[in-house]
Amino acid sequence: QGAFVAEMQMDKLAEKLGMDPVEFRYRNLAREGDLQTSGAPFPPGCSIVQVVEQCALAGGWTHGETGWRLNQTQKSAGSSIEAHIRRGTGFACAHKNVGFSFGKPDTCGMTIELRGESEIEKALIYQSAADVGQGIHTVITQMAAEALNLPVEKIQLIAADTGKCLDAGSVSASRMTFLAGNAIRETAALALEKWRSEERPAVVSHTYTAPATTPQDPQTGQSDPNISYGYTAVAVEVEVDMETGQIHIPRLVCAEDVGKAVNPRIVEGQIEGGVI
């Protein structure tokens, strides 16, 4: 909601300055090492510039000596098709935090049990992350298979059993793949160490702790608020019927920096849901 309001203001400022809305944004984008409004540098991997570039190019903008400009084909589309139909092209960009923020401790617990004799026949993964449609159980299974160097068929996920699973925290703040992935990596390493020591079964319960953030200073409001961000940009062609108010979207382009897509199809599904 905050990004929605801010991006409308960016459009109004660009119009007052007589600047292309993408060019106005581009001049003000955060770069690697820039300070946030909280006073702390953006976490490493600040990629909003690259995201905006890719979205703008695919969305009908060109970049030349004078900066970003919507190409003539797109501009001509801004005229009316019929007297009551108007067409325009919009652009917006934003970033989203990953993990809990402003000093709240962020942890994820995991238990891994390796069963077998001379080789691992089955790996039980006890993990309490709730799957609310984002596919986290699939992703956890994939990450566990990779961390343990096992085929997916040998992974058995025991999910959301409060009697057997450690606390994973909420599936909110875009945190679960990052937190669960690191918990799996660390717990798997400890479990394999026990396996090599010939413990049968090899069982390890472990909690991963994310890098610390800091609360806002009560006097200045300054803080180091988040461990990471995801970056996004969207370009949309819109037709509006000025008589009925009906809106039609002939074309939409969305660019995202999702980091490493553990399961690309699931990521595409999440992006499409967010776009809608």
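Structure: see above.
Residues numbered from 1 in each chain as written. Predicted model: local features only at pLDDT ≥ 70, side-chain atom pairs only at ≥ 80, totals over all residues. Heavy atoms only, no water.

(A) Representation of the overall build of the protein. Scanning the protein from N- to C-terminus turns up seven helices and nine strands. What you see for the protein is a C-alpha radius of gyration of 24 Å, clearly larger than the 19 Å of a compact globule of 276 residues, by over 25%. Each of the three principal axes of the protein carries a C-alpha extent, and together these read 75 × 45 × 35 Å. Pairs at least 24 residues apart make up 65% of the contacts formed inside the protein by residues separated by at least 6 positions. Carbon together with sulfur atoms contributes 52% to the accessible area of the protein, which is approximately 15600 Å² in total. In the protein, 23 side chains carry a positive charge and 34 a negative one; their mean positions are 1 Å apart. (Helix = DSSP H or I, 4+ residues; strand = E, 2+ residues; numbered from the N terminus. Rg over C-alpha atoms; globule rule 2.2 N^0.38 Å. Contact = heavy atoms within 4.5 Å. Areas by Shrake-Rupley, 256 points an atom, 1.4 Å probe, with all protein chains shown as cover. Lys, Arg positive; Asp, Glu negative; His and termini not counted. Charge placed at Lys NZ, Arg CZ, Asp CG, Glu CD.)

(B) Quick peek at the side chain of N263. Mapping N263 onto the fold places it in the loop between strand 9 (247–257) and helix 7 (264–275). A relative accessible area of 17% places N263 in the buried class. One polar contact links N263 to Q142, side chain to side chain, over a distance of 2.8 Å. When sequence neighbours within four positions are dropped, the list of residues in contact with N263 reads T138, V139 and Q142. (Buried < 20%, exposed > 50% of the residue type's maximum accessible area, 1.4 Å probe, protein only. Polar contact = N/O pair within 3.5 Å; in protein donor to acceptor, adjacent residues only side chain to side chain.)

(C) The pattern of salt bridges, seen in detail. The final tally for this structure, using the stated rule, is eight salt bridges. A salt bridge links D11 to R25, with the shortest nitrogen-to-oxygen separation between them at 3.0 Å. Here R25 lies in helix 2 (residues 21–28) and D11 lies in helix 1 (residues 2–17), a separation of 14 residues in the sequence. Of the residues examined, D11 reaches a relative accessible area of 34% and is grouped as partly exposed. With a relative accessible area of 1%, R25 lands in the buried category. Via salt bridges that share partners, E7, D11 and R25 belong to a single interconnected network. (Salt bridge = Lys/Arg side-chain N within 4 Å of Asp/Glu carboxyl O.)

(D) Region of the structure containing helix 2. Along helix 2, the residues classified as buried are V22, E23, F24, R25 and Y26. Residues of helix 2 that are buried sit in contact with helix 1, helix 3 (48–59), strand 1 (61–64), strand 2 (67–70) and strand 3 (85–98). Of the residues flanking the start of helix 2, the one acting as N-cap is D20, its side-chain oxygen 2.8 Å from the backbone nitrogen of V22.

(E) The arrangement of the sheet that holds strand 9 in detail. Ordered in space as 3-8-9, the three strands form an open sheet in which the pairing is antiparallel. The open sheet terminates on both sides in strands that have one partner only, identified here as strand 3 and strand 9. Each neighbouring strand pair of the sheet contributes to a mean axis angle of 15°, computed without reference to strand direction. As paired strands, strand 3 and strand 8 (residues 228–241) are joined by 14 bridges and run antiparallel to one another. Residue pairing in the sheet places I85 in a bridge with D241 of strand 8. Contacts from helix 3 reach strand 3, strand 8 and strand 9, with the element oriented near 25° to strand 8. (Pairing = 2+ DSSP bridges. Axes fitted to C-alpha atoms, helices over the stretch in contact; angles between N-to-C directions.)

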